[in-house]
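What the coordinates show
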Amino acid sequence: MLTGKKRSMQTTSNYMITIDQQKFEKDNSSYLGKVRSNFLGTEFEIFDSKENPKKANSKFDIRR
């Protein structure tokens, strides 16, 4: 079972996906990734739990 929670203070709709209903932290091992929409909310992208390409330390840490 997956759990999603809308993240506040974002410019687009952005939902965190976890397998633990109690812990919504990016550092938690139950964090699976996120779903982000475009400005209009008509297209969505799914990302895994790795880092943003601008913040990643190596090419192996970049999200897909």
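Refer to the structure presented above.
As a starting point, this report considers the structure included with it.

The rules we used
Residues numbered from 1 in each chain as written. Predicted model: local features only at pLDDT ≥ 70, side-chain atom pairs only at ≥ 80, totals over all residues. Heavy atoms only, no water. Helix = DSSP H or I, 4+ residues; strand = E, 2+ residues; numbered from the N terminus. Buried < 20%, exposed > 50% of the residue type's maximum accessible area, 1.4 Å probe, protein only. Contact = heavy atoms within 4.5 Å. Areas by Shrake-Rupley, 256 points an atom, 1.4 Å probe, with all protein chains shown as cover. Lys, Arg positive; Asp, Glu negative; His and termini not counted. Charge placed at Lys NZ, Arg CZ, Asp CG, Glu CD. Salt bridge = Lys/Arg side-chain N within 4 Å of Asp/Glu carboxyl O. Pairing = 2+ DSSP bridges. Axes fitted to C-alpha atoms, helices over the stretch in contact; angles between N-to-C directions.

Once that is clear, we can look at the overall build of the chain. Scanning the chain from terminus to terminus reveals zero helices and four strands. Judged by the C-alpha coordinates and their principal axes, the chain covers about 30 × 30 × 20 Å. Counting the 64 residues in the chain, one finds 22% classified as buried. Of the contacts made within the chain by residues no fewer than 6 positions apart, 10% connect residues no fewer than 24 positions apart. When the accessible surface of the chain is totalled, it reaches about 5300 Å², and 51% of it is carbon and sulfur. Charge-centre separation for the chain: the mean point of 13 positive side chains lies 3 Å from the mean point of 8 negative side chains.

In the structure shown here, the tally under the stated rule is one salt bridge. Residue E45 pairs with R36 through a salt bridge whose shortest N-O separation is 3.6 Å. Note on R36: relative accessible area 25%, which makes it partly exposed.

Across the sheet, four strands lie side by side as β1-β2-β3-β4; this open sheet has antiparallel pairing. Across the chains shown, the open sheet's two edge strands, defined by having one partner strand only, are β1 (3-6) and β4 (44-48). Neighbour-to-neighbour, the strand axes of this sheet turn through a mean angle of 25 degrees, independent of strand direction. Of the strand pairs in this sheet, strand β2 (residues 14-18) and strand β3 (residues 31-37) are connected by five bridges, and their pairing is antiparallel. Across the sheet, residue I17 finds its bridge partner in β3, namely G33.

Further remarks concern the side chain of S37. Along the polypeptide, S37 turns up in strand β3. For S37, a relative accessible area of 7% gives the class buried. Leaving out residues up to four positions away in the same chain, S37 has contacts with T12, S13, E43 and F44.

Function cannot be read off these values alone, since they describe shape.
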